[in-house]
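Residues per chain, in single letters:
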Amino acid sequence: YIQSNPGTFECVNLGSSNGTSLLEVVNCINEIIAPRKLEYELVSRRPGDNGVVVADSNKARYLLGWEARLSLRLGLESALAGFETCQHLPGYLTI
């Protein structure tokens, strides 16, 4: 798209268009990294926080022919595997 439209700037959301809560993400990560576990604390929403935010990827599909192909779990597994390969870098935070 960028090559065929020089000088064009577009913002595009990349997502599955399905909502996922932060707690669902944390629980999924905990399943993947078991027996290790992310520590968390449930607290009230801060003033101004949205109750629900979902990325609409229709524009990405239309402009780029892009659509999500991985489930949340597979995407997190892939991301975490990438993080694991970076542990030798200075300042890297391990999970």
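In this text, all values refer to a predicted model and were calculated from it rather than measured experimentally.

Procedures and definitions
Residues numbered from 1 in each chain as written. Predicted model: local features only at pLDDT ≥ 70, side-chain atom pairs only at ≥ 80, totals over all residues. Heavy atoms only, no water. Salt bridge = Lys/Arg side-chain N within 4 Å of Asp/Glu carboxyl O. Helix = DSSP H or I, 4+ residues; strand = E, 2+ residues; numbered from the N terminus. Buried < 20%, exposed > 50% of the residue type's maximum accessible area, 1.4 Å probe, protein only.

Visitor: What exactly am I supposed to notice about the pattern of salt bridges here?
Guide: Oppositely charged side chains can form a pair if their charged atoms are brought close together. Taken as a whole and assessed by the stated rule, the structure comprises five salt bridges. The partner of Asp 49 in a salt bridge is Arg 46, and the shortest N-O contact between them spans 3.1 Å. Notably, a salt bridge pairs Glu 77 with Arg 73, separated by 2.9 Å at the nearest N-O pair. Note that Glu 77 and Arg 73 are positioned in helix H3 (residues 72-84) at a spacing of four residues, about one turn of the helix. On the basis of relative accessible area, Glu 77 is assigned to the partly exposed category, the value being 28%. By relative accessible area, which is 32% here, Arg 73 ends up partly exposed. Through salt bridges with shared partners, a single ionic network connects Glu 31, Arg 73 and Glu 77.

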